[in-house]
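The residues making up each chain are set out below.
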Amino acid sequence: MALLLEHEFKPLPADKQIETLPFLEAVAHLPPFFDCLGTPIVYSPVKADLTGNIKKIRAVYDSNPAKFKTLQNILEVEKELHGSAWPKIGATLALMWLKRGLKFILVLLQSISDGERDEEHPNLIRVNALKAYEIALKKYHGWMLQKLFTGSIYALPYKSDLLKALEKGKEVKEEESIEKIHQFLTRVTPILDAIYEMYTKMNAELSYKA
């Protein structure tokens, strides 16, 4: 799966300290995933948001690579630096939204990998996308955004077209594509879970609606 596996994420270390630079370099290859979903009016802003948040975190990291070596370092330093304005500021806020975008990708792919589908329309990915949206993003969106997203599921590509797009146009058997998705999920899911756990432990999660 060219798009997902061309730049692998480093395995999650035992102490769950995620190095900032390798994480950003790997995640920077994922925004084009949203191009594969079509419906530019909906998914182009999500892609732009993902890209923008990666750039914001990278700018903070580049300002002092030693100080911001891990993602936890970023949250800890910014908490002390920004006081009461934290966590709704800086790279902490950017990573909060970045992880939600990644969660959408992972839940969608996990649902496809698990074989969840509409039995009457097995080549559609509406069931998978709706599940991903409800788990990852819906509660952080206002009424208008929710309507826009739920309406967009009717314009999503067929599963076969999505898998082909993820292979960058190469014809690959579905089971081979699903196996590559599984490889991607095995590597990335523990990393994302660790980021969510970090936000919970540091009381950095916000629930306001975009």
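Treat the numbers as computed from the prediction; the structure is a model and nothing was measured.

Points about helix α3 (residues 40-63)
At step 1: When the terminal C-alpha atoms of α3 are compared, their 33 Å separation across 24 residues agrees well with the 34 Å that a helix rising 1.5 Å per residue should span.
At step 2: Within the span of α3, buried status applies to V42, Y43, V46, L50, N53, I54, I57, V60 and Y61.
At step 3: Taken together, the buried residues of α3 touch α2 (20-27), α4 (71-82), α5 (90-113) and α7 (143-152).

Observations regarding the side chain of S111
At step 1: With respect to the helices and strands, S111 occurs in helix α5.
At step 2: For S111, a relative accessible area of 1% puts it in the buried group.
At step 3: In this structure, S111 is in contact with E116, N128 and K131, ignoring residues within four places of it in sequence.

Digging into the packing of aromatic side chains
At step 1: Using the criterion set out here, one finds ten aromatic pairs in the structure.
At step 2: Ring centres of W97 and Y140 lie 6.2 Å apart, and the angle between their planes is 75°; on these two criteria the pair is classed as edge-to-face. Residue W97 is found in helix α5, and its partner Y140 is found in the loop between α6 (126-136) and α7; the two are separated by 43 residues along the sequence. For the pair W97 and Y140, one class covers both residues: buried.
At step 3: The ring of Y196 is capped by K99, whose NZ or CZ atom sits 3.9 Å from the centre of that ring.
At step 4: Directly above the ring of Y196 sits K103, whose terminal nitrogen or CZ lies 5.2 Å from the centroid.

A closer look at the UniProt feature "domain: Glycolipid transfer protein" (unreviewed entry) in the protein chain
At step 1: Mapped onto the present numbering, the UniProt feature "domain: Glycolipid transfer protein" (unreviewed entry) falls on residues 18-167.
At step 2: In this annotation, residues 18-167 is assigned 65% helix and 0% strand; the end-to-end C-alpha distance for the span is 28 Å.

Focus on unusual backbone geometry
At step 1: Here W86 and P87 are connected by a cis peptide whose omega angle stands at 10°.
At step 2: Of note, K168 is a non-glycine position whose phi angle comes to about 55°, a positive value.

So, how was this worked out
Residues numbered from 1 in each chain as written. Predicted model: local features only at pLDDT ≥ 70, side-chain atom pairs only at ≥ 80, totals over all residues. Heavy atoms only, no water. Helix = DSSP H or I, 4+ residues; strand = E, 2+ residues; numbered from the N terminus. Expected span 1.5 Å × (residues − 1). Buried < 20%, exposed > 50% of the residue type's maximum accessible area, 1.4 Å probe, protein only. Contact = heavy atoms within 4.5 Å. Phe/Tyr/Trp six-rings, centres within 6.5 Å; stacked < 30°, edge-to-face > 60°. Lys NZ or Arg CZ within 6 Å of the ring centre and 35° of its normal. UniProt positions renumbered as here; feature names shortened; annotations may be inferred.

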